[in-house]
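Understanding the architecture of this molecule
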Amino acid sequence: MQALLAPLASAAVASTSGTASAVLPLLAQQLGRRLYHKNVVEHYERPRNVGSFDKGDPDVGTGLVGAPACGDVMKLQIKVDDLGNIVDARFKTFGCGSAIASSSVATEWVKGKSLDEVLKIKNSDIAKHLSLPPVKLHCSMLAEDAIKAAVKDIQAKRAAKA
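Only a predicted model underlies this, so the values are computations on that prediction, with no experimental measurement involved. (Residues numbered from 1 in each chain as written. Predicted model: local features only at pLDDT ≥ 70, side-chain atom pairs only at ≥ 80, totals over all residues. Heavy atoms only, no water.)

1. Here's the deal with the pairing of strand E2 (residues 72–80)
The sheet contact formed by strand E1 (residues 60–67) and E2 spans 8 bridges and is antiparallel. The residue of E2 that forms the bridge with Leu64 is Lys75. Following E1, the chain reverses through 4 residues before pairing antiparallel with E2; Gly71 in that reversal takes a positive phi of roughly 90 degrees. Judged from the 8 bridges that link them, E2 and strand E3 (residues 86–94) form a sheet pairing that is antiparallel. In the sheet register, Lys75 faces E3, and the bridge partner there is Lys92. Counting the residues between successive antiparallel strands, the hairpin from E2 to E3 contains 5 residues, one of them, Gly84, with a positive phi of roughly 90 degrees. (Pairing = 2+ DSSP bridges. Helix = DSSP H or I, 4+ residues; strand = E, 2+ residues; numbered from the N terminus.)

Following this line, the structure appears as structure tokens:
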């Protein structure tokens, strides 16, 4: 979180002098805490399941989605057993804290579920869990789209194999 706010604090400090410059980083930290819900901060600072699987693995489905408006890109991968249950998940996301948190939550929620069950995970559920403001709802939409894309990919791989 501090890394996200550092450029703002540095720019503001550069334009001020005296004791105000010492207080500004603290103000930026407090402002950051108000902008993000504790669940977003938790998943941003300690993201779950970061990484990737070999996309050539026949048991791995990969969903790669992006939001041109903000530049967020999300890759979500699922590892599926022979019964169609998700046994593991990984993500890599280039984006804001809300996008990273949405990816982290999505990977936690898909593990242990069937392909049909994960298609019932909606962006509104992720957004509610993270208390995302309306301006950040696209992040949870990306997570839902990434889940759907990963399921579609694994289904296509299995259909081609059959």
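From this point, things continue past the structure.
2. Quick word on the state of the cysteines
Applying the stated criterion across every chain yields a total of 0 disulfides. Unpaired in this structure, Cys70 has its nearest cysteine sulfur neighbour in Cys139, at a distance of 6.0 Å. A residue is classified by how much of its surface remains accessible, and Cys70, at 38% relative accessible area, is partly exposed. Of the cysteine sulfurs around Cys96, a residue in no disulfide, the closest is that of Cys139, at 3.6 Å. (Disulfide = S-S within 2.5 Å. Buried < 20%, exposed > 50% of the residue type's maximum accessible area, 1.4 Å probe, protein only.)

3. Digging into the environment of Arg48
Residue placement: Arg48 occurs in the loop between helix H3 (38–45) and E1. The contact partners of Arg48, leaving out residues within four places of it in the chain, are Glu42, His43, Phe91, Ser104, Thr107 and Glu108. At a separation of 2.8 Å, a polar atom in the side chain of Arg48 contacts the main-chain carbonyl oxygen of Arg46. (Contact = heavy atoms within 4.5 Å. Polar contact = N/O pair within 3.5 Å; in protein donor to acceptor, adjacent residues only side chain to side chain.)

4. Comments concerning the pattern of salt bridges
If you walk through the whole model with that rule in mind, you get 9 salt bridges. Salt-bridge contacts for Asp57 lead to Lys79; the nearest nitrogen and oxygen are separated by 3.9 Å. Here the residue Asp57 occupies a position in the loop between H3 and E1, and Lys79 occupies one in strand E2, the gap between them amounting to 22 residues. Residue Lys79 is classed as partly exposed on the basis of its relative accessible area of 27%. Residue Lys122 is joined to Glu144 by a salt bridge in which the shortest nitrogen-to-oxygen separation is 3.9 Å. In this pair, Lys122 is assigned in the loop between helix H5 (115–118) and helix H6 (123–130) and Glu144 in helix H7 (residues 137–161), connecting sequence segments 22 residues apart. Residue classification places Lys122 among the partly exposed residues on the basis of a relative accessible area of 34%. Assessed through its relative accessible area of 8%, Glu144 is described here as buried. Where salt bridges share partners, they join Glu42, Glu45, Arg46 and Arg48 into one cluster. (Salt bridge = Lys/Arg side-chain N within 4 Å of Asp/Glu carboxyl O.)

5. Description of the sheet that holds E1
Read from one edge to the other, the open sheet built from 3 strands follows the order E1-E2-E3, with strand pairing classed as antiparallel. The open sheet has two free edges, formed respectively by E1 and E3, since each of these has just one partner strand. Ignoring which end each strand starts from, the neighbouring axes of this sheet average 15 degrees apart. The strands touched by helix H4 (residues 97–110) are E2 and E3; relative to E3, the strand with the most contacts, the crossing angle is about 175 degrees. Strands in contact with H7 are E1 and E2; relative to E1, the strand with the most contacts, it is inclined by about 145 degrees. (Axes fitted to C-alpha atoms, helices over the stretch in contact; angles between N-to-C directions.)

6. Observations concerning the confidence of the model for the protein chain
For the protein chain, the mean per-residue pLDDT works out to 83, and 78% of the residues sit at or above 70. The spread of mean pLDDT over the elements of the protein chain runs between helix H1 (residues 2–14), the lowest at 37, and H5, the highest at 98. Confidence drops under a pLDDT of 50 for residues 1–24, and excluding neighbours within four residues, the segment shows 18 contacts in the predicted structure. (pLDDT = per-residue confidence, 0-100.)

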